[in-house]
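The residues making up each chain are set out below.
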Amino acid sequence: MNRYYLFSLLLHSTIFSIVGISTRSSFKKIPQIEVYKVSFAPLPQPKVASKPLPLEEKTKPQKEKKRPPENKKKEIKQETTSKTTKGLPDITPRIYTGSGRGFTYSYYLNILLNKIAGNWNNPYREKDVILKSIVYFEVDKDGVISNIRLEYDSGDNLYNESTIRAVSLTKKLPPLPEEFSEDYLKVHLEFLTGK
Amino acid sequence: MNIFQVFLESGFVAQIIMIILVFSSISSWAIFFKKLHDLKSIRRMNQNFFTSYQIIKNSEEIEKQLYLLDKSSYGKILKSGLEEFKTLKTSSNPKKVELADNIKLAMERTKISEIENLENSLPVLGTIVATAPFLGLLGTVWGIMEAFLEIRARGSAHITVVAPGISDALITTVYGLLVAIPALVFNNSLRSRIIKLDSELDKFISEAFANLKKKLVESEEK
C-alpha cells in the first residue's frame, strides 16, 4: 500500500507544480495596505487667522484652501509632533468662521474632535501606510453638521469613505458658543494616519 | 503570485481544511491505484485459470494442478468446493447427495471472503466522496463569515475588505470538489468492477456445483 501512497503523492506534487506554474500570472497580488497610527493632524493656522479677512473671501471660499508655501514647514513640524503623541486630541484644526475670523474656543474643538474620532473606523489602523485626507464641513449655530465634502483626496477610496463617514455619522455637535457671533463655522479637518 | 501563495495567505481554518482535503485526495488516488492493480491481477489470473478449466473439467485432473487453484478467485472457490466434495465422497453417510448443497455453501463462503478482500478500503473512498464537498462548504461558510465580520469591524463593504474572505471561501470549495469528483468516479468504477466479478463468480459457482453434484451422484450409483 505504501508504494501506492508514494505514487499518489508524487502525482499530486506534479499536478500542484504544474497548476502552480500555470496560475502564476492569473493571480494578482492583493496589495497589503498597512497603517500603524491614527491621529488627527492639524492644518497650519494661516497668518491671517487672527485678523478679520476681507468680506470678498466669504464669496470666494476657494481662496481659503490655498496654503502659503511658508507654512509647509510648520505643517511638517506639527505632523512630527503628532507622531510622538498617541491618539487625540491635537485640537488645532484649520477652522474658519463664516466671516473668516479665527475660532478660538478650544473646548468646543475638543468636543468636535472627540466626537468625530469616536465615529471614525480607520480601515488602516496599525498598518504601515501613510494617508491623508481633508474633509470640509460646516457647523451651524445649533451644532448641525452640513455641506460635507472631501477636500483632499488621499488616493484611497476606502480611507476617503471612512473619513467622510466619520463626519456624517457625527451629524450633530453641541450648539456653537454663544459668544461666537457668526452663523456657521467652516471646518477643514485633516485625517492623517501613519507612523 | 500562484496557488501556493493563495494557500499561505488564506485564513487558519481554510488552511486546515485544505490540508485535510489534500491528504484525502492522496489517499483516494492511492486506494484507486491499489484496487485497480489488484483487480487487474485477479482478472489476469482468472483468465489463465478459466482457460485451463475449459480444457480439463475433470475434477481429478484439476486436482493434479492445484498450484493453479490458489492464484485466482475461481481457483480458490473451486478448491473449497473440491475439498467439500472429497469429504462427502469419502464419508460413509448414505444420504450424500442430499448433503451436496454443502459444496455450494463452501464455494459461496470463499466467494464472499474474496469479494470482501476486494471491497476493503472502499468505505474510505466512500467517506472521502461524502465528506470532501462538505469540508469545502465549511470553508466557504467560514470565509463568508469572516468577510462579514471584517465589514462589521471596519464599517466598510469595500472590495479590499471583502475580497480575502470570499477568496478563501471559493478556494476551499474548489479543493473540495477537486477531491470529491475523482473519488466519486474511482468509487463507482471500482464498485461496478467488483459487482461484475461477483456475478461472474456466481455463474461459475452454479456451473461448478452442477458438475460436482453430477460426479457425486455418479459415484453414489457406482
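Note that the structure is predicted; figures quoted are calculated from it, not measured. (Residues numbered from 1 in each chain as written. Chains lettered and ligands numbered in written order. Predicted model: local features only at pLDDT ≥ 70, side-chain atom pairs only at ≥ 80, totals over all residues. Heavy atoms only, no water.)

**Student:** Explain the overall build of chain A here, please?
**Tutor:** Secondary structure summary: chain A contains six helices and five strands in total. Counted from the first residue to the last, chain A has its helices and strands arranged as α-β-α-α-α-β-α-β-β-α-β. Split into buried and exposed, the 195 residues of chain A put 39% on the buried side. As displayed, chain A has an accessible area near 11,300 Å², and 56% of this comes from carbon and sulfur atoms. (Helix = DSSP H or I, 4+ residues; strand = E, 2+ residues; numbered from the N terminus. Buried < 20%, exposed > 50% of the residue type's maximum accessible area, 1.4 Å probe, protein only. Areas by Shrake-Rupley, 256 points an atom, 1.4 Å probe, with all protein chains shown as cover.)

**Student:** Sorry, what's going on with the side chain of A:His188 here?
**Tutor:** If you trace the backbone, A:His188 turns up in strand E5 (residues 184-193). Engagement of the side chain of A:His188 in a polar contact is seen with the side chain of A:Glu151, the distance being 2.7 Å. (Polar contact = N/O pair within 3.5 Å; in protein donor to acceptor, adjacent residues only side chain to side chain.)

**Student:** Sorry, what's going on with unusual backbone geometry here?
**Tutor:** The general pattern is negative phi for most residues beyond glycine and trans for most peptide bonds. Even without being a glycine, A:Asn147 presents a positive backbone phi close to 55°. Inspection of the secondary structure assignment puts A:Asn147 in strand E4 (residues 145-152). The phi dihedral of B:Ser121 falls on the positive side, at around 80°, and the residue is not glycine. On the secondary structure map, B:Ser121 appears in the loop between helix H6 (101-119) and helix H7 (122-154).

**Student:** Just checking my understanding: could you explain a nonpolar patch on the surface for this structure?
**Tutor:** Residue and element names in this part refer to chain B. A cluster of nonpolar residues, Ile 144, Phe 148, Ile 166 and Leu 170, forms a patch on the protein surface that exposes about 370 Å² of accessible area. Of all the secondary-structure elements, those providing two or more residues to the nonpolar patch are H7 and helix H8 (159-221). If you trace the backbone, Leu 170 turns up in helix H8. (Patch = residues over 30% accessible without salt bridge, like charges linked within 9 Å, V, L, I, M, F, W, Y side chains within 5 Å. Salt bridge = Lys/Arg side-chain N within 4 Å of Asp/Glu carboxyl O.)

**Student:** In this structure, what is going on with the pairing of E4(A)? I would like to understand it.
**Tutor:** A regular strand carries its side chains on alternate faces of the sheet. Residues and elements named next belong to chain A. Direction of pairing for strand E3 (residues 131-140) relative to E4: antiparallel, over a ladder of five bridges. Within E4, the residue paired with Tyr 136 across the bridge is Arg 149. Where E3 hands over to E4, the hairpin turn is made up of four residues, of which Gly 143 adopts a positive phi near 90°. (Pairing = 2+ DSSP bridges.)

**Student:** Where do I start with a positive patch on the surface in this structure?
**Tutor:** Residues and elements named next belong to chain B. Judged by side-chain charge, Lys 40, Arg 43, Arg 193 and Lys 196 come together as a positively charged surface patch. Within the residue set of the positive patch, elements represented by two or more residues are helix H2 (12-55) and H8. With respect to the helices and strands, the residue Arg 193 is situated in helix H8. (Lys, Arg positive; Asp, Glu negative; His and termini not counted. Charge placed at Lys NZ, Arg CZ, Asp CG, Glu CD.)

**Student:** Teacher, can you tell me more about the nonpolar core here?
**Tutor:** A general trend in soluble globular proteins is that nonpolar side chains are found buried together. Counting residues in hydrophobic clusters, the biggest one holds 34 residues, and the most contacted among them are B:Leu78, B:Ile103, B:Met107 and B:Phe204. The element best represented in this core is H8(B), accounting for 11 residues. In this structure, A:Leu113, A:Trp120, A:Val129 and A:Leu131 belong to the second largest nonpolar core, which totals 25 residues. (Core = buried A, V, L, I, M, F, W, Y, C linked by side-chain atoms within 4.5 Å.)

**Student:** Got a minute to help me understand the confidence of the model for chain A in this structure?
**Tutor:** Should the pLDDT be low somewhere, the predicted coordinates at that spot are not to be read in detail. Residue and element names in this part refer to chain A. Averaged over every residue, the pLDDT of chain A is 67; the share at 70 or more is 58%. Per-residue pLDDT stays below 50 along residues 29-44; that stretch engages in 74 contacts with residues further than four places along the chain or on separate chains. Confidence drops under pLDDT 50 across residues 46-92; counting only partners more than four residues distant or on other chains, this segment forms 69 contacts. (pLDDT = per-residue confidence, 0-100. Contact = heavy atoms within 4.5 Å.)

**Student:** Sorry if this is basic, but what is going on with the pairing of E5(A) here?
**Tutor:** Residue and element names in this part refer to chain A. With nine of its 10 residues buried, E5 lies for the most part within the structure. Note: E3 against E5, 10 bridges, orientation antiparallel. Opposite Ser 133, over in E5, you have Phe 191 as the bridge partner.

**Student:** Would you mind going over the pattern of salt bridges with me for this structure?
**Tutor:** Residue and element names in this part refer to chain B. Counted by the stated rule, this structure contains four salt bridges over all chains. As a salt-bridge pair, Glu 114 and Lys 76 come within 3.2 Å of each other at their nearest N and O atoms. Of this pair, Glu 114 sits in helix H6 while Lys 76 sits in helix H5 (residues 73-90), and the two are 38 residues apart along the sequence. Taking the relative accessible area as the measure of exposure, Glu 114 reaches 10% and is therefore buried. Given a relative accessible area of 30%, Lys 76 falls into the partly exposed group. A salt bridge links Lys 111 to Asp 202; the shortest N-O distance between them is 2.8 Å. Residue Lys 111 is found in helix H6, and its partner Asp 202 is found in helix H8; the two are separated by 91 residues along the sequence. Under the relative-accessibility criterion, Lys 111 is labelled buried at 10%.

**Student:** Please explain helix H1 (residues 2-22) of chain A as it appears in this structure.
**Tutor:** Side chains three or four residues apart in an α-helix point the same way, a direct result of the helix having 3.6 residues per turn. Residue and element names in this part refer to chain A. Here H1 is 21 residues long and its end C-alpha atoms lie 30 Å apart, about the 30 Å a rise of 1.5 Å per residue gives. Here H1 has its buried residues at Tyr 4, Ser 8, His 12 and Gly 20. With its buried residues spanning 135° around the axis, H1 presents them on a single face. Across from the buried face of H1, at angles greater than 90 degrees, the exposed residues are Asn 2, Arg 3, Leu 6, Leu 10, Ile 18 and Ile 21. (Expected span 1.5 Å × (residues − 1). Arc of directions from axis to C-beta.)

**Student:** What's the story with the confidence of the model for chain B in this structure? I'm lost.
**Tutor:** Residues and elements named next belong to chain B. In this model, chain B carries an average pLDDT of 83, and 87% of its residues clear a pLDDT of 70 or more. The secondary-structure element of chain B with the lowest mean pLDDT is helix H3 (residues 59-64), recorded at 62, while H6 shows the highest, at 90. The ipTM assigned to the predicted complex is 0.74, against a pTM of 0.55.

**Student:** I would appreciate a short explanation of the packing of aromatic side chains in the present structure.
**Tutor:** Pairs of aromatic rings are described using the distance from one ring centre to the other and the angle between the two planes. Scanning all chains against the criterion turns up nine aromatic pairs over all chains. Each ring, one from A:Tyr124 and one from A:Tyr159, has its centre 6.3 Å from the other, and the planes form 20°; the classification is stacked. Taken together, the residues A:Tyr124 in the loop between helix H5 (106-118) and E3 and A:Tyr159 in helix H6 (residues 157-170) connect sequence positions 35 residues apart. Residue classification places A:Tyr159 among the buried positions, given a relative accessible area of 0%. The interplanar angle of 75° and the centroid separation of 4.9 Å between the aromatic rings of B:Tyr74 and B:Phe204 together place this pair among those described as edge-to-face. Of the two residues, B:Tyr74 is situated in helix H5 and B:Phe204 in helix H8; the sequence distance between them amounts to 130 residues. The same class applies to B:Tyr74 as to B:Phe204, namely buried. Connected via pairs of aromatic rings, a cluster forms that spans A:Phe7, B:Trp29, B:Phe32, B:Phe33 and B:Phe186. (Phe/Tyr/Trp six-rings, centres within 6.5 Å; stacked < 30°, edge-to-face > 60°.)

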